[in-house]
Amino acid sequence: MVLDKLSRKEKILYSVEYLGIFLLFGKIFYDSFYIAFAGVFFLPRLLKRKAQMLAAKTREVLTLEFKDYILALSASLKVGYSAENALIAAGRDLFCMYGEESMMVAECRKMEKNLRNNQLAEVLLTEFAERSGQEEIRDFAAIFVIAKRSGGGMGAIIKNTADIISEKIEVKREIQLLYASKRMEQNIMNVVPIAMIGYVRMTTPDYFQVLYHNVFGIVIMSVCLAVYAAAYLLSRKIMDIEV
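To keep things clear, this report deals only with the structure shown in the data block. Quick caveat: nothing in here was measured; it's all calculated off a predicted structure. (Residues numbered from 1 in each chain as written. Predicted model: local features only at pLDDT ≥ 70, side-chain atom pairs only at ≥ 80, totals over all residues. Heavy atoms only, no water.)

1. So, the overall build of the chain
Part 1 of the argument: Secondary structure summary: the chain contains eight helices and zero strands in total.
Part 2 of the argument: Sequence-ordered secondary structure for the chain, helices as α and strands as β, is α-α-α-α-α-α-α-α.
Part 3 of the argument: Reported as C-alpha extents along the three principal axes, the dimensions of the chain are approximately 80 × 35 × 25 Å.
Part 4 of the argument: Long-range pairs, those at least 24 residues apart, make up 66% of the contacts in the chain with a sequence separation of at least 6.
Part 5 of the argument: Per element, the accessible surface of the chain, about 15100 Å² overall, is 64% carbon and sulfur.
Part 6 of the argument: Side chains of the chain carry 31 positive and 27 negative charges; the gap between the two charge centres is 4 Å. (Helix = DSSP H or I, 4+ residues; strand = E, 2+ residues; numbered from the N terminus. Contact = heavy atoms within 4.5 Å. Areas by Shrake-Rupley, 256 points an atom, 1.4 Å probe, with all protein chains shown as cover. Lys, Arg positive; Asp, Glu negative; His and termini not counted. Charge placed at Lys NZ, Arg CZ, Asp CG, Glu CD.)

Shown next as structure tokens:
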């Protein structure tokens, strides 16, 4: 399931990426690659943040796939399938839509295997909901448990619940798409100051020499770097909106 941890390969890949950024900043702000290695102290925090970002994106994908899953589940219940058979049928429908690489399909495979070992559908769905960490999935699982144990009208209850949760997920997705363009603008604005300094350094190498390799220049460039970092963090905070 979705974990806020990076694999060993991902840690190496992103560590190299961040070290490259540190070297670039060291050269631009201090005309030295050596000072960039001070950024290594920030590496664990950056990797943790990266893991959280990747996990959030994975959860978004999982939630969208779950939306199609509960609609397929509702359709299976509507035609008279039992809860257990409806879970299996919905998983197979999802496989046709997303293929074997889908995270939701992988969960459906696990549930199907456990259902054939006579485990209860509501228990399996509840366990999956807890592993997912998603509010919509937990809400659906809770209602599924109540509907199954109450007996009659399960198909209608699940259909209404699936429609409501699907609509909620779709609204969240539309809001995220609206903010996607703003995030792109934010990323461009974050790159512009570095690009401008790099351009000036390439076209007029002596322009910044007075700011390098002396105490006054190091202080000035450090202040500039601190202001840039604060502006970057502030922009991320503004755009980091929970939907």
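2. What about the packing of aromatic side chains?
Part 1 of the argument: Tallying each qualifying case throughout the model produces seven aromatic pairs.
Part 2 of the argument: Where Phe25 meets Tyr228, the ring centres are 5.9 Å apart and the plane angle is 55 degrees; that geometry is what we call tilted. Of this pair, Phe25 sits in helix 1 (residues 8-30) while Tyr228 is found in helix 8 (residues 215-239), placing the two residues 203 residues apart along the sequence. Judged on exposure class, the residue Phe25 and its partner Tyr228 are both buried.
Part 3 of the argument: Relative to Phe144, the ring of Phe140 lies with its centre 6.3 Å away and its plane at 35 degrees, an arrangement referred to as tilted. Taken as a pair, Phe140 and Phe144 lie in helix 6 (residues 135-150) at a separation of four residues, close to a single helical turn. The burial state of Phe140 is the same as that of Phe144; both residues are buried.
Part 4 of the argument: A connected cluster of aromatic rings, assembled from ring pairs, spans Phe66, Tyr69, Phe128, Phe140 and Phe144.
Part 5 of the argument: One residue, Arg109, lies across the ring of Phe95, its end atom 4.9 Å from the ring centre. (Phe/Tyr/Trp six-rings, centres within 6.5 Å; stacked < 30°, edge-to-face > 60°. Buried < 20%, exposed > 50% of the residue type's maximum accessible area, 1.4 Å probe, protein only. Lys NZ or Arg CZ within 6 Å of the ring centre and 35° of its normal.)

3. A few points about the side chain of Glu122
Part 1 of the argument: Secondary-structure assignment places Glu122 in helix 5 (residues 121-132).
Part 2 of the argument: Within the structure, Glu122 has its side chain in polar contact with the side chain of Lys148 (distance 3.3 Å).
Part 3 of the argument: In this structure, Glu122 is in contact with Phe144, Val145, Lys148 and Arg149, ignoring residues within four places of it in sequence. (Polar contact = N/O pair within 3.5 Å; in protein donor to acceptor, adjacent residues only side chain to side chain.)

4. Some details on helix 7 (residues 154-203)
Part 1 of the argument: Helix length check: helix 7 (50 residues) gives 71 Å between terminal C-alpha atoms against 74 Å at 1.5 Å per residue, within 8%.
Part 2 of the argument: Largest kink in helix 7: about 30 degrees, centred on Val192, with the proline Pro193 one to four residues after it. (Expected span 1.5 Å × (residues − 1). Bend = angle between axes of the 7 residues up to and from the residue.)

5. With respect to the environment of Gln52
Part 1 of the argument: Here Gln52 is to be found in helix 2 (residues 43-78).
Part 2 of the argument: Overall, Gln52 belongs to the partly exposed group, its relative accessible area being 33%.

6. Remarks on the nonpolar core
Part 1 of the argument: Residues Phe66, Tyr69, Leu73, Met104, Phe140 and Phe144 are the most contacted members of the largest nonpolar core, which totals 33 residues.
Part 2 of the argument: Elements represented by at least two residues in this core include exactly helix 2, helix 3 (83-98), helix 4 (103-116), helix 5, helix 6 and helix 7.
Part 3 of the argument: In terms of residue count, helix 2 provides more of this core than any other element does, seven residues in total.
Part 4 of the argument: If we ignore the near neighbours within four places in the chain, the residues touching Tyr69 are Leu87, Ala90, Gly91, Leu94, Met104, Cys108 and Met111.
Part 5 of the argument: Phe29, Tyr30, Ile194 and Phe208 belong to the second-largest nonpolar core, a separate cluster that totals 11 residues. (Core = buried A, V, L, I, M, F, W, Y, C linked by side-chain atoms within 4.5 Å.)

7. Examining the pattern of salt bridges
Part 1 of the argument: The final tally for this structure, using the stated rule, is 14 salt bridges.
Part 2 of the argument: For Glu107, the salt bridge is made with Lys110, and the minimal N-O distance between the two is 3.7 Å. Taken together, the residues Glu107 and Lys110, both in helix 4 and three residues apart, mark about one turn of the helix.
Part 3 of the argument: Taking the relative accessible area as the measure of exposure, Lys110 reaches 45% and is therefore partly exposed. (Salt bridge = Lys/Arg side-chain N within 4 Å of Asp/Glu carboxyl O.)

8. Some words on a nonpolar patch on the surface
Part 1 of the argument: Together, Met184, Ile188, Met189, Val192 and Met196 line one region of the surface with nonpolar side chains, adding up to about 510 Å² of accessible area.
Part 2 of the argument: By the secondary structure assignment, Val192 is in helix 7. (Patch = residues over 30% accessible without salt bridge, like charges linked within 9 Å, V, L, I, M, F, W, Y side chains within 5 Å.)

9. Section: helix 4
Part 1 of the argument: End to end, helix 4 covers 20 Å across 14 residues, agreeing with the expected 20 Å (1.5 Å per residue, within 8%).
Part 2 of the argument: Within the sequence span of helix 4, burial applies to Met104, Val105, Glu107, Cys108, Met111, Glu112 and Leu115. Taken around the axis of helix 4, the buried residues stretch over an arc of 155 degrees, which confines them to a single face.
Part 3 of the argument: Each element contacted by the buried residues of helix 4 is listed here: helix 2, helix 3 and helix 5.
Part 4 of the argument: The N-cap of helix 4, judged by a side-chain oxygen 3.2 Å from the amide nitrogen of Met104 a few residues on, is Ser102. (Arc of directions from axis to C-beta.)

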